[in-house]
Amino acid sequence: ITEALKEFGSEALSAADDIATANIALTHMTGDASAAHETVEQLEALGIKDGLAMPALLTAAQRMTAMLPPGTQVVSLLGHIADGAQVMGTGVDQAANKFDQMVNQGTLAARSLMSLGLSLTTVAEAMDEVNPSADATSATVAKMFKAMDPGDRIQVLETALEGLGG
């Protein structure tokens, strides 16, 4: 019993340290301590609601905050990404990394989309929903996506992820 309590205490301290580190990192990246604190609280709520591990959520949030344009709703995106990852049985951190790569590089690949529970067809449908004049198809969506700015790419991918019902 003593060993179990010691392990529990150690894990609790590690989790608290992870949260403090995330708060510091997010404050540094955004320049806003209260927004960073609010983000961490929202991540905790998301983790509890969806049964996600906090270390993975915190890491993904930090990376996304660093890589995506300012003002991106990281917690909301992570919720959608977590839904897609759950559909495919992948980790939220792996799926978030794929999302970041797609947004920043403008590259859509079937394998990367699969980690989010998406396909070229679902992204083409989302692109048409975001921009009805796009007339995207699974054959043309990758080239069209590459030509978009990162903010529009986020909107298209988030729309596709919302279609998963999360």
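Residues numbered from 1 in each chain as written. Predicted model: local features only at pLDDT ≥ 70, side-chain atom pairs only at ≥ 80, totals over all residues. Heavy atoms only, no water.

**Re the overall build of the chain**
Here is step 1 of the chain: Looking only at helices and strands, the chain features 9 helices and 0 strands.
Here is step 2 of the chain: Across the chain, helices and strands are ordered from the amino to the carboxyl terminus as α-α-α-α-α-α-α-α-α.
Here is step 3 of the chain: Within the chain, the fraction of its 166 residues that count as buried is 37%.
Here is step 4 of the chain: Within the chain, contacts between residues separated by at least 24 positions form 59% of all contacts whose residues are at least 6 apart in sequence. (Helix = DSSP H or I, 4+ residues; strand = E, 2+ residues; numbered from the N terminus. Buried < 20%, exposed > 50% of the residue type's maximum accessible area, 1.4 Å probe, protein only. Contact = heavy atoms within 4.5 Å.)

**What to know about the environment of valine 75**
Here is step 1 of the chain: Take valine 75: it is sitting in helix H4 (residues 74–88).
Here is step 2 of the chain: Considering only alpha carbons, one finds valine 75 and threonine 39, 36 residues apart in sequence, at a separation of 6.9 Å.
Here is step 3 of the chain: Dropping the residues within four chain positions of it, valine 75 is found in contact with Thr39, Gln42, Leu43 and Leu46.

**Some points on the layout of surface pockets**
Here is step 1 of the chain: By volume, the largest pocket amounts to about 420 Å³.
Here is step 2 of the chain: Along its surface, the largest pocket is lined by 18 residues, and Thr30, Thr39, Gly71, Thr72 and Val74 are the ones closest to its centre.
Here is step 3 of the chain: Listing elements by their share of the lining of the largest pocket, those giving two or more residues are helix H1 (2–30), helix H2 (33–50), helix H3 (54–67) and H4.
Here is step 4 of the chain: At 4 residues, the largest contribution of residues to the lining of the largest pocket is made by H2. (1 Å grid on protein atoms, 1.4 Å probe; cavity = no way out; pocket = protein on both sides within 12 Å on 5 of 7 lines; lining within 4 Å. Points joined across faces, edges and corners; volume = space filled by probe spheres on them.)

**Comments concerning the confidence of the model for the chain**
Here is step 1 of the chain: Averaged over all residues, the pLDDT of the chain equals 83, while 86% of them reach at least 70.
Here is step 2 of the chain: No element of the chain has a lower mean pLDDT than H1, at 62, and none a higher one than helix H8 (residues 141–146), at 96. (pLDDT = per-residue confidence, 0-100.)

**Examining unusual backbone geometry**
Working note: non-glycine residues mostly have negative phi, and peptide bonds are mostly trans.
Here is step 1 of the chain: In this model, aspartate 135 sits at a positive phi of 55°, which is unusual for a non-glycine residue.
Here is step 2 of the chain: By the element assignment, aspartate 135 lies in the loop between helix H7 (120–130) and H8.
Here is step 3 of the chain: Owing to a relative accessible area of 60%, aspartate 135 belongs among the exposed residues under this scheme.

**Thoughts on H2**
Here is step 1 of the chain: Across its 18 residues, H2 extends 26 Å between first and last C-alpha, which sits within 8% of the 26 Å expected from 1.5 Å per residue.
Here is step 2 of the chain: Within H2, the full set of buried residues consists of Ala36, Thr39, Val40, Leu43, Leu46 and Gly47. End-on view of H2: buried residues confined to an arc of 120°, all on one side of the axis. Facing away from the buried side of H2 by over 90 degrees, the exposed positions are Ser34, Ile48 and Lys49.
Here is step 3 of the chain: Directly after H2, the chain includes glycine 51, whose backbone phi takes a positive value near 65°. (Expected span 1.5 Å × (residues − 1). Arc of directions from axis to C-beta.)

**Remarks on helix H9 (residues 150–162)**
Here is step 1 of the chain: For H9, built from 13 residues, the straight-helix expectation of 18 Å at 1.5 Å per residue is met to within 8% by its first-to-last C-alpha distance of 18 Å.
Here is step 2 of the chain: For H9, the set of buried residues is Arg153, Ile154, Val156, Leu157, Glu158, Thr159, Ala160 and Leu161.
Here is step 3 of the chain: Structurally, H9 contributes buried residues whose contacts are with H4, helix H5 (92–105), helix H6 (110–114), H7 and H8.
Here is step 4 of the chain: The N-terminus of H9 is capped by aspartate 149, whose side-chain oxygen sits 2.9 Å from the backbone nitrogen of glycine 151. (Polar contact = N/O pair within 3.5 Å; in protein donor to acceptor, adjacent residues only side chain to side chain.)

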